[in-house]
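Descriptive analysis of the structure
Each chain, letter by letter, is given below.
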Amino acid sequence: MSTPLRHFLGLKGIEAKTIREILDLAARYKAERSAISWRPLAGQTWAMIFTKSSTRTRVSFEVGIRELGGNVLFLNANDLQLGRGEPIKDTARVLGRMVHGAVIRTYAQSDVEDFAHYAKIPTINALTDDEHPCQIVADIQTIEEKLGPITGKKVAFIGDCACNVARSWIYAAEALRFHLALAGPVGYLSPVTNPWVTQAHDVTEAARDAEVLYTDVWVSMGLEAEKAKRAAAFAGYQINHELVALAKKGALVQHCLPAYRDQEITERIFEERAGEIFDQAENRLHAQKGILHWLTDGPMG
Ligand code: CP
Ligand code: NVA
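Residues numbered from 1 in each chain as written. Chains lettered and ligands numbered in written order. Predicted model: local features only at pLDDT ≥ 70, side-chain atom pairs only at ≥ 80, totals over all residues. Heavy atoms only, no water.

**Quick look at the packing of helix 2 (residues 56–67) against helix 11 (residues 274–297)**
At a closest axis distance of 8 Å, the pairing of helix 2 and helix 11 adopts a crossing angle of 50°. One way to sum up the angle between helix 2 and helix 11 is to call them oblique. The hand of the helix 2/helix 11 crossing is right-handed. In this structure, helix 2 uses Arg-56, Thr-57, Ser-60, Phe-61, Val-63, Gly-64, Ile-65 and Glu-67 to contact helix 11, whose residues at the interface are Ala-281, Arg-284, Leu-285, Gln-288, Lys-289 and Leu-292. For the contact of helix 2 with helix 11, the residue count by class is six nonpolar, four polar and four charged. (Axes fitted to C-alpha atoms, helices over the stretch in contact; angles between N-to-C directions. Helix = DSSP H or I, 4+ residues; strand = E, 2+ residues; numbered from the N terminus. Parallel < 35°, antiparallel > 145°, perpendicular 65-115°, else oblique. Left-handed = near helix turned anticlockwise from the far one by under 90°. Contact = heavy atoms within 4.5 Å. Nonpolar A, V, L, I, M, F, W, Y, C, P; charged D, E, K, R; others polar.)

**A short note on the packing of aromatic side chains**
Scanning the model with the defined rule gives eight aromatic pairs in all. With 5.8 Å between their ring centres and 20° between their planes, Phe-157 and Tyr-214 make a pair best called stacked. With a gap of 57 residues between them, Phe-157 in strand 5 (residues 154–158) and Tyr-214 in strand 8 (residues 212–215) connect regions that are remote in the sequence. The burial state of Phe-157 is the same as that of Tyr-214; both residues are buried. (Phe/Tyr/Trp six-rings, centres within 6.5 Å; stacked < 30°, edge-to-face > 60°. Buried < 20%, exposed > 50% of the residue type's maximum accessible area, 1.4 Å probe, protein only.)

**Things to note about the nonpolar core**
When a protein is soluble and globular, its nonpolar side chains tend to lie buried together. Counting residues in each nonpolar core, the largest one holds 55 residues, and the members touching the most others are Phe-8, Val-103, Ile-124, Phe-157, Trp-169, Phe-178 and Leu-180. For this core, the leading source of residues is helix 6 (residues 164–176), giving nine residues. Dropping the residues within four chain positions of it, Val-103 is found in contact with Trp-46, Ala-47, Met-48, Ile-49, Phe-50, Phe-61, Ile-65, Ile-124 and Ala-126. Ranked by size, the runner-up nonpolar core spans 26 residues in total, among them Tyr-188, Trp-218, Ala-251 and Val-253. (Core = buried A, V, L, I, M, F, W, Y, C linked by side-chain atoms within 4.5 Å.)

**Here we look at the site of ligand 2**
With respect to spatial proximity, the complete set of residues near ligand 2 consists of Leu-127, Asn-164, Asp-216, Val-217, Ser-220, Met-221 and Leu-257. One of the side-chain nitrogen or oxygen atoms of Asp-216 is found 2.7 Å away from a nitrogen atom of ligand 2. Ser-220 places a side-chain nitrogen or oxygen 2.7 Å from a nitrogen atom of ligand 2. When the free accessible area of ligand 2 is taken as 270 Å², the share hidden by the protein chains comes to 95%. Cavity membership is defined here by more than half of the atoms lying within 2 Å of grid points; on that basis ligand 2 lies in the largest pocket. Among the residues making up the shell around ligand 2, the classes are represented as four nonpolar, two polar and one charged. (Near = heavy atom within 4 Å. Polar contact = N/O pair within 3.5 Å; in protein donor to acceptor, adjacent residues only side chain to side chain. Areas by Shrake-Rupley, 256 points an atom, 1.4 Å probe, with all protein chains shown as cover. 1 Å grid on protein atoms, 1.4 Å probe; cavity = no way out; pocket = protein on both sides within 12 Å on 5 of 7 lines; lining within 4 Å. Sits in = over half its atoms within 2 Å of the grid points.)

**Description of the site of ligand 1**
In the region of ligand 1, the neighbouring residues are Ser-54, Thr-55, Arg-56, Thr-57, Arg-105, His-132, Gln-135, Cys-256, Leu-257 and Arg-284. His-132 places a polar side-chain atom, nitrogen or oxygen, 2.8 Å from an oxygen atom of ligand 1. Within the complex, the protein chains bury 94% of what would otherwise be the 260 Å² of accessible surface of ligand 1. Taken atom by atom, the bulk of ligand 1 overlaps the largest pocket.

**Section: the packing of helix 3 (residues 88–95) against helix 4 (residues 109–119)**
Helix packing for two helices is described by the angle between their axes and how far apart those axes are. The interhelical angle for the contact between helix 3 and helix 4, taken along N-to-C directions, is 40°, at an axis separation of 8 Å. As far as their axial angle goes, helix 4 and helix 3 are oblique. In the packing of helix 3 onto helix 4, the handedness of the crossing is right-handed. For the pair helix 3 and helix 4, the contacting residues are Ile-88, Lys-89, Thr-91, Ala-92, Arg-93 and Leu-95 in the first and Asp-111, Asp-114, Phe-115, Tyr-118 and Ala-119 in the second. When its residues are assigned to classes, the contact of helix 3 with helix 4 shows six nonpolar, one polar and four charged.

Written out as structure tokens, the structure reads:
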């Protein structure tokens, strides 16, 4: 019997069980990286269609797909006919007949959803304007490795609470039942919320007694024209020594990267916490393999 078609398009509405299955796979792939013999993508070719820049997501998926036995085609969306206006649903219907799965980084969430619908192959959201679900899987893997189960903990997100990364965190908080305390300036709180989320303009309120201090860039990809306006609005929404002092003893500092020193995080804190931040970046590889395996082969026994 073939595995039912699965996608990983976002954390909205995701069940805790799904996240747990992916995290278990990611942990096994990490622990046994050199010894593992599972090749769930053997004989497959996956397409990666990227409209926005990427270092971590691109490399972790390219390496992850190869380590799972698959071949990978990296396609810059601007080099495809997509860049000249061919509709996503036509691109999807072509690729769906040629490749076995797709990893897409783009602007509109509806584009990854339309692609999945029309291509009828496993499709992964590698970042849209709405969500960055793969990032949050790696983040939770890192946090749980270092602090134990995330359920019941306080995670503080400082900065652009309306961005894709914050939104995926909001959905994760609901699924895994932890307190997500968001702090951002007026005009940059999230329009999406749930009972596990608090939002404030006061960074100290969010950081106080938090087990994790998390931040992301002030200017997400596609919003470069707002750089000056955002630099003014976000001044003070920074992970620095004062903020770390308010967090719980032993709190982690996490950043999805790339990091802009002395904007969302000080150079000093970044370098002091580089070990845990780059452990988080490394986990992108293990988490992607968990996601790929879950999509194509279901949970391991
Ligand atoms: N954090 C993250 O997604 O990094 P890249 O943009 O480099 O892929
Ligand atoms: N919010 C950021 C995340 C980068 C990984 C962006 O969309 O640019």
